[in-house]
Amino acid sequence: MPVTIVLGGQWGDEGKGKITDALAATADIVIRPNGSTNAGHTVVTDDGIFKLHVIPSGILYPHCTCIIGAGVAVSPPDLLREIAALRERHARLGQLYLSDRAHVIMPYHPLLDLYEEQRRGAAGIGTTLRGNGPAFTDKVARRGIRVADLLPGSEAHLRQKLEMLLPEKNTLFVHLYHQQPLDLDELLKEARTWGEALAPFVIAAEVFVQDALAAGKHVIVEAAQGTMLDLDYGTYPYVTSSSPTAAGACQGAGIAPTQVERVVGVFKAYTTRVGAGPFPTELTDETGQLLRERGREYGTTTGRPRRVGWFDAVAARYTARLNGMTEAALTKLDMLDPLPEIRVCVGYRLGDRELTAPPAQLDQCMAVEPVYEILPGWQTDTSQAASFADLPPAAQRYVERIEELIGVPITMIGIGPARRQIVWRHASALA
Ligand code: GDP
Ligand code: IMO
Ligand code: MG
């Protein structure tokens, strides 16, 4: 059962792209199971920096088949642009497929995302404005448009669906948001060109993947976002609209839980978050500023400055357990190199209680005070380490302490953005 899930253990941007790219060197298939163009996964190779949004991070290997799974919401113009940009830069790409069951981000979705954020004002979620929430809302409301609906031959069916849908959207545009309505024929014309352009990529992805697994192929599922942004278990309502968990990854990729062998949780050696919502370990001082600048913590998709804070082992242990992580990758350890001491949050204090997991109530989640353990820094360059033993002793202790706190072996340590900047450790040697 050679399925490996790679997922985020924090609030996204943990370095899933880099870890997936490293593991994909020996994989046959990489699948994106959730999210949309809201994601931005960075892979750095000798050819430069690649920022991938819906295309899986295995695409830079010609031997990898990459699949955008049923659980993704796809914006056709964004996907077509992403494909064109990759082809322009990188001649030797893997094969790309798109699930016929994936939902489509229609032109009204980013508009609804924007107008709703504007209406919420100060209470806004800080979404990526890519239409993610409205597209998944339509999916759950059973009125979504799927990739299969765009394909040549489906025009009459699509017209029928949009004739039903568009009056509702236009009522919102005109009467709630005071904007212009959209035109049905324009939409249908656009949809036809997308369908024609995407048709060569479209397959029954879940069938393809199950056939591949039956033939013994090695599959990686590369989730987007992070578990603390999960719709059920994240800091609701400051979450995304799909499930970035291992369970969500199975669902979105068309894989059964019993087919999964490894669940690799990716964590940054500190914490970042883009957008609004609770962030107990947030740093608003000069250490936060240093990490933001040193770590170039600006959103891959939106360019927004990321909020920065200490490693939150309460949230990390929570996500490690929820996802059944079999191992973890700790990225950007090198970013902590200059610090004289490093804090790790080991508990949440709420009044006279100490919590060991994030509470469901938003006001409590906002109010918790982190309980910190202080570890010595190493103030040494780690970016060239070739093995765990090469890391300064204090860095080794930091990794081991996090491992202890989250209860999962750390098998990969990121010490720079490049492919070779990973220190590998083996789970069996850590037992
Ligand atoms: P993702 O969304 O989880 O794939 O993460 P992003 O690509 O949005 O953000 C991670 C950023 O950190 C990217 O700019 C990566 O190139 C960079 N990165 C990943 N791992 C490391 C690491 O170990 N060290 C350093 N310095 N940068 C890293
Ligand atoms: P990757 O895959 C970090 C955040 C947004 C916002 C919230 C809801 O690169 O880790 P949405 O547009 O999904 O409705 O926004 O979720 N968010 C991410 N933050 N990394 C991501 O993806 C994110 N995708 C969404 O900033 O707070
Ligand atoms: Mg990202």
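Described below are features of the structure shown in this document. (Residues numbered from 1 in each chain as written. Chains lettered and ligands numbered in written order. Predicted model: local features only at pLDDT ≥ 70, side-chain atom pairs only at ≥ 80, totals over all residues. Heavy atoms only, no water.)

Let's talk about the site of ligand 2
Working step 1: Neighbouring residues of ligand 2: 21 residues in total, closest Lys 16, His 41, Thr 128, Gln 225 and Thr 240.
Working step 2: Within the backbone of Asp 13, one N or O atom sits 2.8 Å away from an oxygen atom of ligand 2.
Working step 3: Burial of ligand 2 by the surrounding chains reaches 98%, relative to a free accessible area of 550 Å².
Working step 4: Of the residues assigned to the shell around ligand 2, the class counts are seven nonpolar, eleven polar and three charged.
Working step 5: In terms of domain composition, the shell around ligand 2 takes at least three residues from each of domain 1 (3-95 + 204-430) and domain 2 (103-199). (Near = heavy atom within 4 Å. Polar contact = N/O pair within 3.5 Å; in protein donor to acceptor, adjacent residues only side chain to side chain. Areas by Shrake-Rupley, 256 points an atom, 1.4 Å probe, with all protein chains shown as cover. Nonpolar A, V, L, I, M, F, W, Y, C, P; charged D, E, K, R; others polar. Domains from an automatic or database assignment.)

Considerations on the pattern of salt bridges
Working step 1: Scanning the entire structure with this criterion turns up 22 salt bridges.
Working step 2: The closest approach of N and O atoms between Glu 163 and Arg 159, which form a salt bridge, is 3.8 Å. Taken together, the residues span about one helical turn, with Glu 163 and Arg 159 both in helix H6 (residues 155-176) at a distance of four residues.
Working step 3: Classification of Glu 163 by relative accessible area gives partly exposed; the value is 43%.
Working step 4: Using a relative accessible area of 34% as the deciding quantity, one classes Arg 159 as partly exposed.
Working step 5: Between Glu 297 and Arg 306 there is a salt bridge, and its shortest N-O distance comes to 2.6 Å.
Working step 6: For Arg 306, a relative accessible area of 6% gives the class buried.
Working step 7: Here the salt bridges do not stand alone but share partners, grouping Asp 13, Lys 268, Glu 297, Arg 306 and Lys 332 into one network. (Salt bridge = Lys/Arg side-chain N within 4 Å of Asp/Glu carboxyl O. Helix = DSSP H or I, 4+ residues; strand = E, 2+ residues; numbered from the N terminus. Buried < 20%, exposed > 50% of the residue type's maximum accessible area, 1.4 Å probe, protein only.)

Let's talk about the packing of helix H2 (residues 76-89) against helix H7 (residues 184-198)
Working step 1: Between H2 and H7, whose axes approach to 10 Å, the crossing angle comes to 40°. Compared by their axis directions, H2 and H7 come out oblique. In the packing of H2 onto H7, the handedness of the crossing is left-handed. Between H2 and H7, the residues in contact are Pro 76, Pro 77, Leu 79 and Leu 80 and Trp 194, Ala 197 and Leu 198, respectively. (Axes fitted to C-alpha atoms, helices over the stretch in contact; angles between N-to-C directions. Parallel < 35°, antiparallel > 145°, perpendicular 65-115°, else oblique. Left-handed = near helix turned anticlockwise from the far one by under 90°. Contact = heavy atoms within 4.5 Å.)

As for the environment of Ala 386
Working step 1: Within the secondary structure, Ala 386 sits in the loop between strand S18 (369-376) and helix H13 (393-406).
Working step 2: According to the relative accessible area criterion, Ala 386 is exposed, its value standing at 64%.
Working step 3: In this structure, the C-alpha to C-alpha distance between Ala 386 and Val 423, residues 37 residues apart in sequence, is 6.2 Å.

Some thoughts on the site of ligand 1
Working step 1: Lining the immediate surroundings of ligand 1 are 19 residues, of which Gly 15, Lys 16, Thr 42, Thr 300 and Asp 334 lie closest.
Working step 2: At a separation of 2.8 Å, an oxygen atom of ligand 1 approaches a polar backbone atom of Gly 17.
Working step 3: A distance of 2.8 Å separates a nitrogen atom of ligand 1 from a polar side-chain atom of Asp 334.
Working step 4: Protein chains bury 92% of the 580 Å² of accessible surface belonging to ligand 1 in isolation.
Working step 5: Among the elements of the structure, helix H1 (16-24) and strand S3 (41-45) are those that each provide at least two residues to the shell around ligand 1.
Working step 6: Top element by residues in the shell around ligand 1 is H1. It accounts for three residues.
Working step 7: Looking at the shell around ligand 1 residue by residue, the classes come out as three nonpolar, nine polar and seven charged.

So, the coordination of the magnesium ion (ligand 3)
Working step 1: Asp 13 (OD) and Gly 40 (O) make up the full set of protein donors to the magnesium ion (ligand 3), lying at 2.0 to 2.2 Å. Of this pair, Asp 13 sits in the loop between strand S1 (3-8) and H1 while Gly 40 is found in the loop between strand S2 (29-32) and S3, placing the two residues 27 residues apart along the sequence.
Working step 2: Its relative accessible area of 21% is what places Asp 13 among the partly exposed residues. (Donors = N, O, S within 2.8 Å, 3.2 Å for Na, K, Ca; no water.)

Remarks on the sheet that holds S1
Working step 1: Sheet architecture is open: ten strands sit in the order S9-S7-S5-S2-S10-S1-S11-S15-S19-S20, paired in mixed fashion. Two strands bound the open sheet, and with one partner strand each, they are strand S9 (202-203) and strand S20 (422-424).
Working step 2: With three bridges joining them, strand S15 (residues 327-331) and strand S19 (residues 410-414) adopt parallel strand pairing. Note that in S19 the partner of Ala 328 across the bridge is Ile 410.
Working step 3: Across the face of the sheet, H1 comes into contact with S1, S2, strand S10 (219-222), strand S11 (260-268), S15, S19 and S20 while running at roughly 165° to S1. (Pairing = 2+ DSSP bridges.)

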